[in-house]
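Chain and residue survey
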Amino acid sequence: MQSTQQEQERKAQFLTDSGIEIARTYPKTDVPEEQPGEFPFTRGVQPTMYRGKLWTMRQYAGFSTAEESNARYHYLLKNGTTGLSVAFDLPTQIGYDSDHAFSEGEVGKSGVAIDSLRDMEVLFNGIRLDEVTTSMTINSTASILLSMYIALAKKQGADVKKISGTIQNDLLKEYAARGTYIYPPKPSMRIITDIFEYCSKEVPKWNTISISGYHIREAGSTAVQELAFTLANGKAYLKAAIDKGLDIDVFARRLSFFFNAHNNFFEEIAKFRAARRMWAQITKELGAKDPRSMMLRFHTQTGGSTLTAQQPQNNIVRVTLQAMAAVMGGTQSLHTNGFDEALALPTEEAARIALRTQQIIANESGAADTVDPLAGSWMVEALTNEVEAKAWEYIQKIDAMGGAVSAIEQGYMQDEIAASSYAYQTDIESGEKVIVGVNKFTVQEPPMENLFTVDDSIRTQQMAKLQALRNERNNEAVKQHLQRIEEAAKGHENLMPHILTAVESYATLGEIADVMRGVFGEYKGV
């Protein structure tokens, strides 16, 4: 006998992590006739997607010295990774050499220490830069690290017009969420657009910015905020480049994005689909005519902040779910986190399992065999529309403030992220949000053994290398090249040719950054 009484549900309300209510069932939804590879690219930027070519399996790695990171790169390449992704230590990210007082305790810890072109030569020893694509997670010092990469490619005899890869180079999200900035917003935007201009002529296959929502999400934003703030930042970069006189149909093709993948499976897929549609509209409204300029291409990394130190093997399942969402959402490249990263840098075993996760999805799951496999799902189509609508609401508020730079200077994005982060943590502590192994299904477990560690002696090694470099190089030539950077920074010349020349003379990263600090000053935060 069928009950006339409504069955009681587990919760009074089911919500995504962005607060979007999930219906019990979804009515039939009209699905646009759009095909993959067609404007506005909701279903993907290529007609065949992974049926033609799998996403790039780009494992993020870097630690300790250039020698040790080089060994890890060779290990990853041997195990089937198809692109490199470089993690730099904190001093490198904020423009200090390893022997600077501020570098103490941080050299080689969160990534590899790169002080000069000599370190870059060791980092890629035995790896031809014209045979691999490389992503570098670097922002404030992106112009310097890219110059080192170009200089090394030239030394290898490569045609720099053919080398390809990506620099993150996204300073706006640093002010909003991450904090590894050096210079104030306006000179930072000048350096970024100098890179756009230089690379469009000299290194045309290089992706000159990876506009990052990843760190916005890691700081505690919702999926909707990650999408909205990232695209608002992207819009600001487009306008800055247009104001510099660059052709949107030239430079916009070399812009890429970097998104996070968290555990709310369907919301993440909807986020990726909505992102493509929104970016196509933004670029078109700003004057793009070439469809290639309107395509949102993105890298995804699984969510570092979702990893737990408790029952860390559970993270393998989390990473698998997140990676599957990225693939079903149409990512162009993917990094999967090691299960032990809530405790330390990943061991070789954890890095291999993370890579194998991608390889199993690609070769065993069937997820790569059709394009946009959840298109037409009434739930996914409705959720894509809802995520998009809420993201547009944020963008309209930011536009009313004068754009992303102004919104960041007023602390708007920072406040929104902080409020979301606090609400999320409150839900975990109250038990409203279940984190398996943390606030439910807990067990007593011994500390994890055989964690990867970086020895503090790394700084001593780097300091010795720096001293030897300064004894051997032509210091008079270095001084002259640094002076040319200072003169260009005070004027309006493109900085990139001068930075490249200084790098080739073995000027250090800290020396170059300090010259620009002297001209541009340092940003103190809101």
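For the structure given in this document, a descriptive report is provided here. None of the values given here were measured: they were computed from a predicted structure. (Residues numbered from 1 in each chain as written. Predicted model: local features only at pLDDT ≥ 70, side-chain atom pairs only at ≥ 80, totals over all residues. Heavy atoms only, no water.)

Examining the overall build of the protein chain
Helix and strand counts for the protein chain stand at 19 helices and nine strands. Taking 2.2 N^0.38 as the reference for a compact globule, 526 residues should give roughly 24 Å; the C-alpha atoms of the protein chain span a radius of gyration of 23 Å, in line with that estimate. Taken along its principal axes, the extent of the C-alpha atoms in the protein chain is 95 × 60 × 45 Å. Counting over 526 residues, the protein chain shows a buried share of 57%. The contacts in the protein chain between residues at least 6 apart in sequence include a share of 78% that link residues at least 24 apart. (Helix = DSSP H or I, 4+ residues; strand = E, 2+ residues; numbered from the N terminus. Rg over C-alpha atoms; globule rule 2.2 N^0.38 Å. Buried < 20%, exposed > 50% of the residue type's maximum accessible area, 1.4 Å probe, protein only. Contact = heavy atoms within 4.5 Å.)

Here we look at the packing of aromatic side chains
Per the counting criterion, the structure on display carries 21 aromatic pairs. Each residue in the set Phe257, Phe259, Phe272, Trp279 and Phe298 is aromatic and connected to the rest through ring pairs, giving one cluster. Lying over the aromatic face of Phe452, Arg72 brings its terminal NZ or CZ to 5.8 Å of the ring centre. (Phe/Tyr/Trp six-rings, centres within 6.5 Å; stacked < 30°, edge-to-face > 60°. Lys NZ or Arg CZ within 6 Å of the ring centre and 35° of its normal.)

Concerning a nonpolar patch on the surface
On the surface, Val434, Val436 and Phe441 cluster together into a nonpolar patch covering about 260 Å² of accessible area. Locating Phe441 in the fold gives a position in the loop between helix H15 (412-430) and helix H16 (457-472). Using a relative accessible area of 55% as the deciding quantity, one classes Phe441 as exposed. (Patch = residues over 30% accessible without salt bridge, like charges linked within 9 Å, V, L, I, M, F, W, Y side chains within 5 Å. Areas by Shrake-Rupley, 256 points an atom, 1.4 Å probe, with all protein chains shown as cover. Salt bridge = Lys/Arg side-chain N within 4 Å of Asp/Glu carboxyl O.)

A closer look at the pairing of strand E7 (residues 255-261)
By the criterion of burial, E7 is predominantly enclosed, with seven of the seven residues buried. What you see with E7 is no split at all: Leu255, Phe257, Phe259 and Ala261 on one side and Ser256, Phe258 and Asn260 on the other are buried throughout. In the sheet, strand E6 (residues 209-212) pairs with E7 via four bridges, with the strands oriented parallel. Among the inter-strand pairings, Ile209 is bridged to a residue of E7, identified as Leu255. Between the parallel pair E7 and strand E8 (residues 298-302), the chain is carried across by helix H10 (residues 265-285), and the sense of this crossover is right-handed. (Pairing = 2+ DSSP bridges. Right-handed = clockwise from strand over helix to strand, strands pointing away.)

Some details on helix H8 (residues 223-243)
Every α-helix carries 3.6 residues per turn, so stepping three or four residues along brings you back to the same face. The end-to-end C-alpha distance of H8, which contains 21 residues, comes to 30 Å, matching closely the 30 Å that a straight helix rising 1.5 Å per residue would cover. A large share of H8 lies buried, amounting to 18 of its 21 residues. At the exit of H8 stands Gly245, carrying a positive phi of roughly 95°. (Expected span 1.5 Å × (residues − 1).)

Things to note about the sheet that holds E8
One open sheet accounts for nine strands, arranged E5-E4-E3-E2-E1-E9-E8-E7-E6; its pairing is parallel. The open sheet has two free edges, formed respectively by strand E5 (206-207) and E6, since each of these has just one partner strand. In this structure, strand E3 (residues 134-137) lies alongside strand E4 (residues 165-167), joined through three bridges in parallel fashion. In the sheet register, Ser135 faces E4, and the bridge partner there is Thr166.

What about the packing of helix H6 (residues 185-202) against helix H18 (residues 496-504)?
Contact geometry of H6 with H18 gives a least axis separation of 9 Å together with a crossing angle of 80°. The orientation of H6 relative to H18 falls into the category roughly perpendicular. For the pair formed by H6 and H18, the contact residues are Asp194, Ile195 and Tyr198 on the first element and Met496, Pro497 and Leu500 on the second. Here the residues of the contact of H6 with H18 sort into five nonpolar, no polar and one charged. (Axes fitted to C-alpha atoms, helices over the stretch in contact; angles between N-to-C directions. Parallel < 35°, antiparallel > 145°, perpendicular 65-115°, else oblique. Nonpolar A, V, L, I, M, F, W, Y, C, P; charged D, E, K, R; others polar.)

A word on the side chain of Thr300
Note that Thr300 resides in strand E8. Thr300 has contacts with Phe258, Phe259, Asn260, Ala261, Phe272, Ala326, Thr331, Ser333, Leu334 and His335, leaving out every residue within four places of it along the chain.

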